[in-house]
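# Observations on the three-dimensional arrangement
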Amino acid sequence: MRIAEVAARAGVSARSLRHYEDQGLLTPRRDDRGWRIFDDQDLARAQEIRGLLQAGLPISAIRRLVGCLMPDGSSQPIRISNDLLEELVAVRDRLDSRIRCLAQNREALDTWLRKATNSRGR
C-alpha cells in the first residue's frame, strides 16, 4: 500500500506516518524509486500508534513500547523502567478521569433528552 491509502485507512495524515517513521515507530520498506510501501502490519501499527497518542501517551513512551506492539493486538511480555511505568500509570489515571467526566456528561445529556421528550408529549 502507498502512504495515502495507509493514511486514509489508519485515520492519520501522510505527514503523521512520515513522522512515525522518523521517530522509529514505523519502518515501511521502499521500492526501487524510494517510495514507501506499507503492508498490513504497518497499517495495524499505525492504527495502534494513533490510538496510543489519542489516549495521551507521548511519542517517547510509545517508542519505548513499540517493540511490544503486535499486529494481531496481542503483546509480548515486557520489562519497563520505573520512569516509564510511572508515565503509563499517569496516562491511565488521566484516562480514568476523562472516562468519569464523559460518563457524567452522558448522564446529563440523557436527563436533558428525557425532559425534552417528556415536555413534547404533554
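In case you missed it, the structure is sitting above this.
Summary of the structure given here. Here the structure is a predicted model, which means the values were calculated and not measured. Per-chain numbering applies: the sequence of each chain, read as written, is numbered from 1 onward. Whole-chain, interface and lining totals are the exception, using all residues; otherwise, since this is a predicted model, local features are given only for residues with pLDDT of at least 70 and side-chain atom pairs are given and counted only at 80 or more. The side-chain quantities take in all heavy atoms of the structure and omit both hydrogens and water.

## A look at the overall build of the protein chain
Each helix corresponds to a stretch of at least 4 residues labelled H or I by DSSP, and each strand to a stretch of at least 2 residues labelled E; elements are numbered beginning at the N terminus. Secondary structure assignment for the protein chain yields five helices and two strands. Put simply, the protein chain runs from its N terminus to its C terminus through helices and strands in the order α-α-β-β-α-α-α. Relative to its 122 residues, the protein chain shows a buried fraction of 25%. Put simply, 48% of the contacts in the protein chain that link residues at least 6 apart link residues at least 24 apart. Accessible area of the protein chain: about 8,700 Å², with a carbon and sulfur share of 50%. A simple rule labels every residue: compare its accessible area, found with a 1.4 Å probe on the protein chains alone, to the largest value its type can have, and call it buried under 20%, exposed over 50%, or partly exposed in between. We call two residues in contact whenever any of their non-hydrogen atoms come within 4.5 Å of each other. Calculation of accessible area relied on Shrake-Rupley with a 1.4 Å probe; when residues are assessed, cover is drawn exclusively from the protein chains displayed.

## Topic: helix α2 (residues 14–22)
Turn by turn, an α-helix covers 3.6 residues, leaving residues three or four places apart pointing in a common direction. Along α2, the residues classified as buried are L17, Y20 and E21. Seen end-on, α2 carries its buried residues on one side only, within an arc spanning 100°. The outward face of α2, more than 90 degrees from its buried face, is lined by the exposed residues R15 and D22. The inward-facing, buried residues of α2 contact α1 (3–10), β1 (29–30), β2 (36–37) and α3 (40–55). Directions are taken from the helix axis to each C-beta atom, and the arc is the one they span.

## A short note on the nonpolar core
Most often, soluble globular proteins keep nonpolar side chains buried together rather than apart. Definition used in this section: a nonpolar core is a set of buried Ala, Val, Leu, Ile, Met, Phe, Trp, Tyr and Cys residues joined via side-chain atoms within 4.5 Å. With 22 residues, the main nonpolar core has L17, Y20, L25, L26, I49, L57 and I62 as its most contacted residues. For this core, the secondary structure elements donating two or more residues are α1, α2, α3, α4 (59–65) and α5 (82–120).

## Considering α3
Taking 1.5 Å per residue, 16 residues should reach 22 Å; α3 reaches 23 Å between its end C-alpha atoms and fits that length. For α3, the full list of buried residues reads D42, L43, A46, I49, L52 and A55. Against α1, α2, β2, α4 and α5 lie the buried residues of α3. Whenever a nitrogen or oxygen atom comes within 3.5 Å of another N or O atom, the pair is scored as a polar contact, on the condition that within protein one atom can donate a hydrogen and the other can accept it, and that pairs from neighbouring residues in sequence are kept only if both atoms are in side chains. Two or three places before Q41, at the start of α3, stands the capping residue D39, its side-chain oxygen 3.0 Å from that residue's backbone nitrogen. Count one or two residues on from α3 and you reach G56, which has phi positive near 110°. The span you would expect from a helix comes to 1.5 Å times its residue count less one.

## Section: the side chain of E21
Inspection of the secondary structure puts E21 in helix α2. Excluding its chain neighbours within four sequence positions, the residues that come into contact with E21 are L26, P28, R30 and R36.

## Comments concerning the pattern of salt bridges
Definition used for salt bridges: Asp or Glu carboxyl oxygen within 4 Å of a side-chain nitrogen of Lys or Arg. Considering all chains together, one arrives at eight salt bridges under this definition. R9 is the partner of E5 in a salt bridge, and the nearest nitrogen-oxygen pair spans 3.4 Å. Linking E5 with R9, this pair stays in helix α1, spanning four residues, or about one helical turn. For R9, a relative accessible area of 44% puts it in the partly exposed group. Residues participating in the shared-partner salt-bridge network are R2, D31 and R33.

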